[in-house]
Amino acid sequence: MMGFTLSKLNLLILVTVLFSIVSFFLFALTGIVVGNLAQLMVKDYSESVFGLVGGGDDKLCHTTTVTIPESLKYFGGMTPTQYFFYVMNIKRLPKEFEEGKLSTLIFQIASRKEPDKIIATSSIDINAEIIFYDWETKPEDRLVEKDSITLDPMSIGIAPKNSMYLIKEVYNGKTYLHVISCSSSSSQCLVNLDRASCWLSTCEDADERRESSCFPKPEECVSKINCGVE
């Protein structure tokens, strides 16, 4: 009887050890798979922007809209599909544009549960001044210039902040990259595009205020923008 009990106990220990090893392996594999998917995503976006800004033609305006997926899907097949929820940070270096120097545009993927945990990064150097227009949905629905943007496809509010409107503009011989955060729903990108136009014609320094041919001509600019840099 004692031998039978010890045999069962040894079997239980063996099963527990095997379960721990398999769980550790799957956890490590999940991190690798998700990290690779995230890295492919930011690399693709950075290459797209590089193509937008560095195009060889002499057009004054180039535009495109990017919408990021709700989650990164991994595994599947014989096992249930898993979902990794994330946020995308878009930053620039230096924070203040330096004439005659390249600007660095940075894309980062971070866990939505742990926003400080960066799992993928890609950056490009471009010959342009980068201007970020962030869409704030709380406490007000407005657009404000910032030195970075965070897209969150699972955000709540008026609509999910899951898109960005990109405009490469050549104005008076100088190249700009305008990055406007928005949503893929409710035509919010077009709304925020109009607000960015208002920001250019209202909020810039007196010598820099302008109406750009790359933006719709603003009809009314009394609200929905914040001229302070936050």
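Please refer to the structure higher up on the page.
As the structure is a computational prediction, the values presented were derived from the model and not from experiment.

1. Brief notes about the sheet that holds strand 4 (residues 86–93)
Point 1. Here four strands make up an open sheet; going across it, the order is 6-5-4-9 and the pairing antiparallel. Two strands close off the open sheet at either side, each with one partner strand: strand 6 (118–126) and strand 9 (148–151). When strand polarity is set aside, the average angle formed by the axes of neighbouring strands in this sheet is 15°.
Point 2. Pairing of strand 4 with strand 9 involves four bridges; the strand directions are antiparallel. Residue pairing for strand 9: Ile-90 is matched across the bridge by Ile-149.

2. A closer look at helix 2 (residues 188–202)
Point 1. Relative to the 21 Å expected for 15 residues at 1.5 Å per residue, helix 2 spans 21 Å between its end C-alpha atoms, a close match to the ideal helical length.
Point 2. Along helix 2, the residues that are buried comprise Gln-188, Cys-189, Asn-192, Leu-193, Arg-195, Ala-196, Ser-197, Cys-198, Trp-199 and Leu-200.
Point 3. Buried residues belonging to helix 2 abut strand 1 (61–67), strand 7 (129–136), strand 8 (142–146), strand 10 (163–171), strand 11 (174–182) and strand 12 (225–226).

3. What to know about the pattern of salt bridges
Point 1. In the structure shown here, the tally under the stated rule is ten salt bridges.
Point 2. Through salt bridges with shared partners, a single ionic network connects Asp-134, Glu-136, Arg-142, Lys-146 and Lys-161.

4. Section: unusual backbone geometry
Point 1. Following Leu-93, the chain continues into Pro-94 via a peptide bond in cis, with omega recorded as -10°.
Point 2. Mapping Pro-94 onto the fold places it in the loop between strand 4 and strand 5 (103–111).

5. As for the sheet that holds strand 8
Point 1. Strand order in the open sheet formed by six strands is 1-10-11-7-8-12, and the pairing between neighbours is mixed. Taken across any chain shown, the strands that pair with only one partner, and hence form the sheet edges, are strand 1 and strand 12.
Point 2. Two elements, strand 1 and strand 10, share seven bridges in a ladder whose sense is antiparallel. Bridge pairing links Val-66 to Met-164 in strand 10.
Point 3. On the sheet, helix 2 packs against strand 1, strand 7, strand 8, strand 10, strand 11 and strand 12 and is oriented at approximately 135° with respect to strand 11.

6. Details of the packing of aromatic side chains
Point 1. Inspection of the entire model under this criterion finds two aromatic pairs.
Point 2. Geometrically, the ring pair formed by Tyr-45 and Phe-107 is tilted, given 6.4 Å between the ring centres and 45° between the ring planes. With Tyr-45 in helix 1 (residues 2–53) and Phe-107 in strand 5, this residue pair connects regions lying 62 residues apart in the sequence. No difference in accessibility class separates Tyr-45 from Phe-107, as the two residues are buried.
Point 3. Both rings, one in Tyr-133 and one in Trp-199, keep their centres 5.6 Å apart while their planes meet at 85°; by these two values the pair is edge-to-face. Of the two residues, Tyr-133 sits in strand 7 while Trp-199 sits in helix 2, which places them 66 residues apart along the sequence.

7. Concerning the state of the cysteines
Point 1. The full count for this structure, using the stated rule, is two disulfides.
Point 2. The disulfide partner of Cys-61 is Cys-214, and the gap between their sulfur atoms is 1.9 Å. Judged by the torsion about the S-S bond (-85°), the Cys-61/Cys-214 disulfide is left-handed. You can see Cys-61 sitting in strand 1 and its partner Cys-214 sitting in the loop between helix 2 and strand 12, a full 153 residues away along the chain.
Point 3. Given the relative accessible area of 27%, Cys-61 is considered partly exposed.
Point 4. Covalent S-S linkage joins Cys-182 and Cys-189, the inter-sulfur distance amounting to 1.9 Å. Because the sign of the S-S torsion sets the handedness, a value of about 70° for the bond joining Cys-182 and Cys-189 places this disulfide among the right-handed ones.

Procedures and definitions
Residues numbered from 1 in each chain as written. Predicted model: local features only at pLDDT ≥ 70, side-chain atom pairs only at ≥ 80, totals over all residues. Heavy atoms only, no water. Pairing = 2+ DSSP bridges. Helix = DSSP H or I, 4+ residues; strand = E, 2+ residues; numbered from the N terminus. Axes fitted to C-alpha atoms, helices over the stretch in contact; angles between N-to-C directions. Expected span 1.5 Å × (residues − 1). Buried < 20%, exposed > 50% of the residue type's maximum accessible area, 1.4 Å probe, protein only. Contact = heavy atoms within 4.5 Å. Salt bridge = Lys/Arg side-chain N within 4 Å of Asp/Glu carboxyl O. Phe/Tyr/Trp six-rings, centres within 6.5 Å; stacked < 30°, edge-to-face > 60°. Disulfide = S-S within 2.5 Å.

Read these as spatial facts, not as claims about activity.
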